[in-house]
Amino acid sequence: MSERGAISYQDRTGALARAAFVRSGRGAPVLLVHGVGMQASVWADQIEELSKRHDVVAVDMLGHGGSSLPPADARLSDYADALLALIDGLGLRNVHLVGHSMGALVSLEFALSHPSRLASVTAMNATFCRTSAQREAIAQRLAALEDASASTAWAATITRWFGDPVPASWSHAAATVHALLDAVDPVGYARTYRLFATSDAAHRDRLAGLSVPALFITGEGDPNSTPEMSLAMARLAPGSRAEIVPGERHMMSLTAPSEISRRLLAFFAQAEAAPFDKGDFRKALGSFLTGVTVVATLQEDGEPRGFTANSFTSVSLDPPLVLVCIAKTASSCPVFSKAGHFSVNILAESQADISNLFATRSADKFARTAWRKGPAGSPILNDVAAWFDCRQHELIEAGDHVILIGEVMGFDHAPANPLGYCRGTHVAFGLSLDSFSAKGGRMRVGAILEHEHAILFVAGEGGRLDLPEGASLGAGGDPASLSGRMNHLGIKADLGFLFAVFEDREPPSATSIYYRGRLLQVPEPSGAVHLVPFDEIPWERLRDEAIRSMLRRYVRERSEDSFGVYIGDTESGTVQPLAKSPTKPLAQPV
C-alpha cells in the first residue's frame, strides 16, 4: 500500500516550499526522481517491483504534481535542496538515488553536493555535453516554449521519446506519458525545461570528484540522451559504470520496466556490498616499491608535454613494447592519446627534484630541464638512468585510466642508480647525499654501517644503543639530518643500498627508511659510538622490536650474502630480494 505525503521546507529565497512524494515498501531506501513533464506516478512499475526489497520514495519534482514551483531563476541546486529536505524530513540514510532525464541532472547535483547521504546514484537517460546540432534543436524547442502565443503540442515530444510511428507494444506507455504532459503545470514545466535545456554541461568539470558508486544507463536508441553521453560520464566519474539497454529509447522505465528494475536491483546490491575504501587501496598499492619516470611527448604545436609516473612496465621483447598508465582526468590525457610517439625517462636517484617538477602543473617544466629529441622525436631528459623512445602501438581504456602501449624505437641506459618511490616518498637504492629530501609527514632516515662483521651504534638515552639516524638524509651542515648527525660524531661512511622502509603503526606515526653502508674509517673509541660485532649485539638494549627484527635480518642476510629490501610496517611486511653482485661477467644470451 502506497503512502502519499509532503514535506515542507524553506527554499533559498526564504519562501515556504513543498516536496510531495509517494512511499512504499521496507528496506534500504530508494529515492526516484522523474524527468520534465512527469510525476512520481511515472515510476509505478519500479515502485511495485523495488518495494518488495526496499523502502521506495518517488518524489514530484519542483513545478510538477503536488510539489511547489521552483524559484523563477531556477537552479539545479534548488531541485537538490528539495531532495535534501525530503531525505531529512523522512529520516532516510544511505539512499539509492535514481534520476531520469532532468531527474538525472538533479540526482548528480545532489550526489556531488551531499555524497554522505547516499549509497549510490543512478543517472538514467541523462544528457551530457550536447552536440552543436542537439543544442540548436533544444534551443528551438525552448524558443517555442517561451513564445506565449504558441500552444503546447506534445506530438513532437512523444516522437522523440518513442519514435514515429510509436511501436504498438509501446502505445500504452506513450498514452501514459501524454496524459502526464497534459496535466503538467505550465509555469513549472517552463522553468524546469529552461534549466534542463541549458544544464547539459553543468557537471562536466565536477564528475571527476564524484565519490559514490554511480550507474549511467540509457537506451540504445535514445537520440537525445545517447549512449555516447552515458559512456562519457562513466569515463569521468571514478569507479562508475555505464550500461546501454538494447532496443530501448528515452522512456525505458515504462517500455522495459522489468529489465530496468532488474538492473537497478543488481546495482543496488553491488553498492551495498562491503564498501571499497579507495584511500586504503591506494595506500596498499603504495607499498609496492617502484621506479620513477617522466613520460613526455610533443603537442601538435611542437611544444613538449610531460608528467611524472610510476605506472610503467615492460610488455614484450619481440616486438619491444612498454606501457604507461594515464588517468583519464589528467589534463595531459588527450595529448598523449593523440600523440604518435612518446618517451619514458627513468629518473636517476639525484633527480627527485625533476620528479617533483613534472608532478606539478607548471607551464615551464621543460624550460627548467635539459632535454633533447630522441630517435622517434620525443623529449629525452638529460642524465636519466635510462630512456625509451616509442611510437604509439595501442591505446586501451581500463577503468579510470588509459593504458598507452609503445613500441620502442630507441633506448639507452647509464650506470646511474635509479630513483625509487614507496609509500608516497622518494627513496634511493644507491645513494648520493643530495638525492633525497623528505617532504611531508614525519621521517626517520637511518643507516646500518658495517665494518668487518660489526655494526656501528651510537649511544642513546638510558644506556640504549641506536643506529645513526636523522629527520632526513640532508647534508653535513644540517644537524637534524643523518648526514649532519654522522658529521657531528665523526663517522665517515659510504651509504649503499636501501635496506628497509616501514611505517610505525602507533601514533605519532613516522616513515622509517634505512640504508646499509660501510665504514670508511673506524671511529676512535668513545662513549658516543660503539662498534659491536654481530655475535655480541645486546639485543635488549636496542630501541624496539622493529629495529631488533631489522638487524637480525641484516645479520642473517649478510652471512648469506643475499640482501633484500623490507617493505611494510613495524609489525608485518615483505622482503623483496635484490640480485647479488656478479663476481664474473654475466653470460650473454644466445
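Residues numbered from 1 in each chain as written. Predicted model: local features only at pLDDT ≥ 70, side-chain atom pairs only at ≥ 80, totals over all residues. Heavy atoms only, no water.

A. Region of the structure containing the sheet that holds strand β10 (residues 293-298). Read across the sheet, seven strands follow the order β11-β10-β14-β17-β18-β13-β12 without closing on themselves; strand pairing throughout is antiparallel. In this open sheet, the two edge strands, each paired with only one partner strand, are β11 (304-309) and β12 (312-317). Going from strand to strand, the sheet's axes swing by 30 degrees on average, the running direction of each strand aside. Pairing of β12 with strand β13 (residues 320-327) involves five bridges; the strand directions are antiparallel. The partner of Ser-316 across the bridge, within β13, is Leu-321. (Pairing = 2+ DSSP bridges. Helix = DSSP H or I, 4+ residues; strand = E, 2+ residues; numbered from the N terminus. Axes fitted to C-alpha atoms, helices over the stretch in contact; angles between N-to-C directions.)

B. Quick look at the pattern of salt bridges. Within this structure, the stated rule accounts for 24 salt bridges. Where Glu-259 meets Arg-263, a salt bridge forms, and the shortest distance between an N and an O atom there is 2.7 Å. Linking Glu-259 with Arg-263, this pair stays in helix α10 (residues 257-272), spanning four residues, or about one helical turn. Notably, a salt bridge pairs Asp-494 with Arg-518, separated by 3.9 Å at the nearest N-O pair. Here Asp-494, found in strand β25 (residues 493-503), pairs with Arg-518, found in strand β26 (residues 511-519); they are 24 residues apart in sequence, far enough to count as distant. Taking the relative accessible area as the measure of exposure, Asp-494 reaches 36% and is therefore partly exposed. Residue classification places Arg-518 among the partly exposed residues on the basis of a relative accessible area of 48%. What you see here is one network of salt bridges that share partners, running through Arg-241, Glu-243, Glu-259, Arg-262 and Arg-263. (Salt bridge = Lys/Arg side-chain N within 4 Å of Asp/Glu carboxyl O. Buried < 20%, exposed > 50% of the residue type's maximum accessible area, 1.4 Å probe, protein only.)

C. How the structure looks around unusual backbone geometry. Cis geometry marks the peptide bond from Asp-164 to Pro-165; its omega dihedral reads 0 degrees. A positive phi angle is found at Ser-101, which is not glycine, with a value near 55 degrees. On the secondary structure map, Ser-101 appears in the loop between β5 (95-100) and α3 (102-113). Although it is not a glycine, Cys-129 sits at a positive phi angle of roughly 50 degrees. By the secondary structure assignment, Cys-129 is in the loop between β6 (118-124) and α4 (132-146). Its relative accessible area of 25% is what places Cys-129 among the partly exposed residues.

D. Here's a closer look at the packing of α4 against helix α7 (residues 186-198). Between α4 and α7, the shortest axis-to-axis distance is 10 Å and the interhelical angle comes to 160 degrees. Taken together, the axes of α4 and α7 are roughly antiparallel relative to one another. As α4 runs across α7, the sense of the crossing is left-handed. Taking contact as the criterion, the partners of Ile-138, Arg-141, Leu-142, Leu-145 and Glu-146 in α4 are, on α7, Tyr-189, Ala-190, Tyr-193, Arg-194, Phe-196 and Ala-197. When the residues that make up the contact of α4 with α7 are grouped by side-chain class, the tally is eight nonpolar, no polar and three charged. (Parallel < 35°, antiparallel > 145°, perpendicular 65-115°, else oblique. Left-handed = near helix turned anticlockwise from the far one by under 90°. Contact = heavy atoms within 4.5 Å. Nonpolar A, V, L, I, M, F, W, Y, C, P; charged D, E, K, R; others polar.)

E. Summary view of the sheet that holds strand β3 (residues 28-33). Strand order in the open sheet made by the eight strands is β1-β2-β4-β3-β5-β6-β7-β8, with mixed pairing throughout. The open sheet has two edge strands with one neighbour each: β1 (3-10) and β8 (241-245). On average, each strand axis in the sheet is inclined to that of its neighbour by 20 degrees, with strand direction left out of account. Across four bridges, β6 lies against strand β7 (residues 214-219) in parallel orientation. Paired with Ala-123 across the strands is Phe-216, a residue of β7. On top of the sheet, helix α2 (residues 76-90) reaches β1, β2 (16-24), β3, β4 (54-59) and β5; it is set at about 115 degrees to β1, its chief contact. Here α3 sits on the sheet and contacts β3, β5, β6 and β7; the angle it forms with β5, its principal contact strand, is near 145 degrees.

Taken by themselves, the reported measurements are silent on function.
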